[in-house]
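Here is what each chain is made of, one letter per residue.
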Amino acid sequence: MVYNFNAGPAILPSAVLAEAQAELRDYHGTGMSILELSHRSTEYEAVNADAQARLKAFLGVGDDYQVLFLQGGASLQFAMIPLNFLPENRVADYLLTGSWSEKALTEAGTLGEVRAAASTRAGGYRTVPGAAEIALSERPAYVHLTSNETIHGVQWHEWPDVGARPLIADMSSDILSRPLDTNRFALIYAGAQKNLGPSGATVVVARKELLDSAPETIPAILRYAIHARASSLYNTPPSFAVYLIGLTLRWIETEGGLDALAERNRRKAALIYGAIDGSGGFYRGHALPESRSLMNVTFRLATPEAEKAFLMAADEAGFVGLAGHRSVGGVRASLYNAMTLDGCTALTDFMGEFMRRRG
Ligand SMILES: *Cc1c(COP(=O)(O)O)cnc(C)c1O
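Analysis parameters
- Residues numbered from 1 in each chain as written.
- Predicted model: local features only at pLDDT ≥ 70, side-chain atom pairs only at ≥ 80, totals over all residues.
- Heavy atoms only, no water.
- Helix = DSSP H or I, 4+ residues; strand = E, 2+ residues; numbered from the N terminus.
- Expected span 1.5 Å × (residues − 1).
- Buried < 20%, exposed > 50% of the residue type's maximum accessible area, 1.4 Å probe, protein only.
- Contact = heavy atoms within 4.5 Å.
- Pairing = 2+ DSSP bridges.
- Axes fitted to C-alpha atoms, helices over the stretch in contact; angles between N-to-C directions.
- Near = heavy atom within 4 Å.
- Polar contact = N/O pair within 3.5 Å; in protein donor to acceptor, adjacent residues only side chain to side chain.
- Areas by Shrake-Rupley, 256 points an atom, 1.4 Å probe, with all protein chains shown as cover.
- Nonpolar A, V, L, I, M, F, W, Y, C, P; charged D, E, K, R; others polar.

## Let's talk about helix H10 (residues 341-358)
Between its first and last C-alpha atoms H10 spans 26 Å; for 18 residues at 1.5 Å apiece the expected length is 26 Å, and the two agree. For H10, the full list of buried residues reads Gly343, Cys344, Ala346, Leu347, Thr348, Phe350, Met351, Gly352 and Phe354. Looking at the buried side of H10, the elements it contacts are strand E1 (3-4), helix H8 (257-277), strand E12 (296-300), helix H9 (304-316), strand E13 (319-320) and strand E14 (331-334).

## Observations regarding the sheet that holds E12
Each strand in a sheet pairs with its neighbour through backbone hydrogen bonds, running either in the same direction (parallel) or in the opposite one (antiparallel). Read across the open sheet, the three strands follow the order E11-E12-E14; overall the sheet is antiparallel. In this open sheet, the two edge strands, each paired with only one partner strand, are strand E11 (284-285) and E14. Sheet analysis places E12 next to E14, joined by four bridges and oriented antiparallel. Bridge assignment links Thr298 to a residue of E14, and that residue is Arg332. Seen against the sheet, H8 touches E11 and E12 and runs at an angle of roughly 15° to E12.

## A word on the sheet that holds strand E5 (residues 143-146)
Pairing within the open sheet is mixed, and its seven strands lie in the order E2-E10-E9-E8-E5-E3-E4. Since the sheet does not close on itself, it has two edges, and those belong to strand E2 (65-70) and strand E4 (113-119), each with one partner. Each strand of the sheet is rotated relative to its neighbour by a mean of 20°, with strand direction disregarded. In the sheet, strand E9 (residues 187-191) pairs with strand E10 (residues 202-207) via five bridges, with the strands oriented antiparallel.

## Side note on the pairing of E5
Residues of E5 alternate between two faces, with Val143 and Leu145 on one and His144 and Thr146 on the opposite face, all of them buried. As paired strands, strand E3 (residues 91-96) and E5 are joined by two bridges and run parallel to one another. Counterpart to Asp93 in the pairing with E5 is Val143. Where E5 lies against strand E8 (residues 167-170), four bridges are found, and the strand directions are parallel. Directly across from Leu145, in E8, lies its bridge partner Ala169.

## Observations regarding the site of the ligand
Residues in close proximity to the ligand total 13 residues, the closest being Ser75, Thr150, Asp170, Gln193 and Lys194. Taking Gln193, its side chain carries an N or O atom lying 2.8 Å from an oxygen atom of the ligand. In the complex, 86% of the free accessible area of the ligand, which totals 390 Å², lies under the protein chains. Counting residues per element, the shell around the ligand draws most heavily on helix H3 (residues 73-85), which supplies four residues. When the residues that make up the shell around the ligand are grouped by side-chain class, the tally is three nonpolar, eight polar and two charged.

Here it is, written out as structure tokens:
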């Protein structure tokens, strides 16, 4: 048994893994595994429809929104969004809060005109911008933000006011970690491998009206409207990943839904931030308190050597995946929905013990 703090692919609920294992060889009496079923079978169509319906229910959206299961990761969305929604004579606004929003802007910049309408880079990406630091274009094609910066550990806790401009968000690392007023967004997207299931599927939830607005000149495989019309069965979908997303959505229900998860996520993060803040500077949090991520807790020790020793001792004690992203270093504890309160308590205890040994 290990405590899995990986940033993604990441921990899955053990109940979900047990269920997938139990029905792996014979899916609902078909005599075949879900891995072996046609994506045109009634069984897979039910999996697809059920997962879409559950996502819509959790996100509180009606039939004016479409749920899509795509491939290519969140990274393909960085390109699909401008391909579909950024015409030649328009500009798209990006709010920069860390590595992922930067990547989204850079990719879109290869396809059209983009602007950084705000950036907290100068401060080392420790916070999201305040209202006064956001300068939106008059009539941008859309405004893009990253709800949780997985690498820097910075999260939006209140959405910026963008008026009538279409708001698009990369929610890869915090989707379904808390209730969401999805109707504020024209489109949200998330690679599944952090909070929703395994790698291989990307969830997109968007206003149908927006999807239909894309030009028909782009390749069919990159057009949202084509996938929407086919209910995400335009070509072979990542069927096993969608199936596991479905199981994860059922698990969320048995855990008490998004309110219960949000409360637990707050308590989990409070444990780790508490250990950082109570360490007298031995551990130093990266994000400013008001922008701290509840999903990815990033912190440093006094020296790279101390960090290395910490990570080695943690690994030996059964805490895996704690190394910060290779671009920023330090320590990162990813606390997605499936991470338990017990896991966070154990990490907090370990942090205290390591400090006593070294301090
Ligand atoms: C992981 C991550 C991505 C990249 O996802 P891929 O599925 O690897 O393309 C993009 N944005 C955020 C916020 C992420 O956490």
